Amino acid sequence: MKTISHLAVSLLTGLFVAACGQQNNAHPDWSEARTAMEAEGQVILAKARAALAHQDFETARSEVGQLRNRCKLAYDARNAGILLLDSIEIADAQSRLAEVNRQLDTAVPPSDSLHALQEELTMRVNFFKRKLAHDKGKQ
């Protein structure tokens, strides 16, 4: 299954790069280096989004980290990476919260540590939702 998704991402990446090469530079004020890094950044973002869709949060975070390290001039891609990272954190916390809620439903008596973790994860979800709204407002 992962092989198929990696193949799909690679195919989409190739199509994206080919399309970028065929059109005129939409941003003539950008340097060639920035244009290349923006294209690479979009490829990396696509990989991170695919990992997020498969709930592979560590890979998604790692891809965004690669974007930050490899594409220093890709300001647009890096800004999109910030928003994507917020979404990754929300999805990860929501996934963990759902698991804790399932455990609380079956635990007799409910564990105090699970209640504390539930509260912490709820606060984390709310924090990243507010952060995502704030980051979207800055763009």
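Shown above is the structure to which this text applies.
Attention here is on the structure that accompanies the text. Please read these numbers as outputs of a predicted model, since none were measured by experiment.

1. Notes on the packing of aromatic side chains
Aromatic ring pairs are described here by two measures, namely the spacing of the ring centres and the angle between the planes. Within this structure, the stated rule accounts for 1 aromatic pair. Arranged with centres 5.0 Å apart and planes meeting at 80°, the rings of Phe127 and Phe128 form a pair that is edge-to-face. By relative accessible area, Phe127 is classed as partly exposed at 42%. Judged by relative accessible area, Phe128 falls into the buried class, the value being 11%.

2. Describing the side chain of Asp92
Positionally, Asp92 belongs in helix H4 (residues 75–106). Classification of Asp92 by relative accessible area gives buried; the value is 12%. Look past the residues within four positions of Asp92 in its chain and what remains in contact with it is Phe57 and Arg61.

3. Some thoughts on unusual backbone geometry
In this structure, Gln55 is a non-glycine residue whose phi angle is positive, near 55°. Tracing the sequence through the fold places Gln55 in the loop between helix H2 (32–53) and helix H3 (57–70). Given the relative accessible area of 55%, Gln55 is considered exposed.

Conventions and cut-offs
- Residues numbered from 1 in each chain as written.
- Predicted model: local features only at pLDDT ≥ 70, side-chain atom pairs only at ≥ 80, totals over all residues.
- Heavy atoms only, no water.
- Phe/Tyr/Trp six-rings, centres within 6.5 Å; stacked < 30°, edge-to-face > 60°.
- Buried < 20%, exposed > 50% of the residue type's maximum accessible area, 1.4 Å probe, protein only.
- Helix = DSSP H or I, 4+ residues; strand = E, 2+ residues; numbered from the N terminus.
- Contact = heavy atoms within 4.5 Å.

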